[in-house]
Amino acid sequence: MFENEIIQLRKLAASDYTIYHDWQNDMEVMKSTNLHLDLHTLEETKQFVTTIASQSNAKAYMIVHKRTERLVGIVSLINIDYKNRSAECIIDIGAKDMWKKGIGSSAIFLILELAFLELNLHRVYLMPTDYN
């Protein structure tokens, strides 16, 4: 588990699909990270989380706020290309009351430590939307 003074990252588990489902179907949460604002069934979300949690070319972590021990978001490295040593980073802070509290910055710092120091990657990219 990776942590700093604000958050801990713990590996995504298949059972995390229920909380992720709530975030994924909240248009206010997803408008900053997802260009396709579709609603998803609970079964679709369960399948998605199960797939991400088991992929060899992805590392997904739930963001736990240390003071409250609450799940507040997810940060992941996806499309990990071990040969070319690159990956895409994605992040969602699903707990809207935790926005603008340094959670996202802390999570990005920790996932980059994992990427560069543990996985020995050379390149990590993020595709932000122009309005975020």
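Note that residues are indexed from 1 along each chain, following the sequence as it is written. Per-residue local features are limited, in this predicted model, to residues with pLDDT of at least 70; the limit for side-chain atom pairs, both in listing and counting, is 80 or more; totals at the level of whole chains, interfaces and linings are taken over all residues. Values shown for side chains rest on all heavy atoms present in the structure; no hydrogens or waters enter the calculation.

Draft legend 1. The packing of helix α1 (residues 17–24) against helix α3 (residues 42–54), seen in detail. The contact between α1 and α3 brings their axes to 9 Å, and the two run at 115 degrees. Every pair of crossing elements has a handedness; the one defined by α1 and α3 is right-handed. For the pair α1 and α3, contact is made by Tyr17, Thr18, Tyr20, His21 and Gln24 and by Leu42, Thr45, Lys46, Phe48 and Val49, respectively. Only Asp, Glu, Lys and Arg are considered charged in this grouping, and only Ala, Val, Leu, Ile, Met, Phe, Trp, Tyr, Cys and Pro are considered nonpolar; every other residue, Gly among them, is considered polar. In terms of residue class, the contact of α1 with α3 is built from five nonpolar, four polar and one charged. Lines fitted to the C-alpha atoms define the axes, with helices restricted to the stretch that makes contact. Angles between their N-to-C directions range from 0 to 180 degrees. A run of H or I in DSSP counts as a helix once it spans at least four residues, and a run of E counts as a strand once it spans at least two, with each numbered from the N terminus. Left-handed describes a crossing whose near helix is turned anticlockwise from the far helix by less than a right angle; the clockwise case is right-handed. Residues count as neighbours in contact if any of their non-hydrogen atoms are within 4.5 Å of one another.

Draft legend 2. Structural view of the packing of aromatic side chains. Between the rings of Phe, Tyr and Trp (Trp by its six-membered ring), a pair exists once the centres lie within 6.5 Å; its type follows the angle of the planes, with under 30 degrees stacked, over 60 edge-to-face, and the other angles tilted. Scanning the entire structure with this criterion turns up two aromatic pairs. Between Phe2 and Tyr61, the ring centres sit 5.8 Å apart and the planes meet at 85 degrees, which makes this aromatic pair edge-to-face. With a gap of 59 residues between them, Phe2 in strand β1 (residues 2–3) and Tyr61 in strand β3 (residues 59–65) connect regions that are remote in the sequence. Think of it in three bands: with a 1.4 Å probe and only protein chains considered, a residue is buried below 20% of the maximum accessible area for its type, exposed above 50%, and partly exposed in between. Judged by its relative accessible area of 22%, Phe2 is partly exposed. With 5.8 Å between their ring centres and 20 degrees between their planes, Tyr20 and Phe48 make a pair best called stacked. Remark: Phe48 occurs in helix α3 and Tyr20 occurs in helix α1; sequence separation between them is 28 residues.

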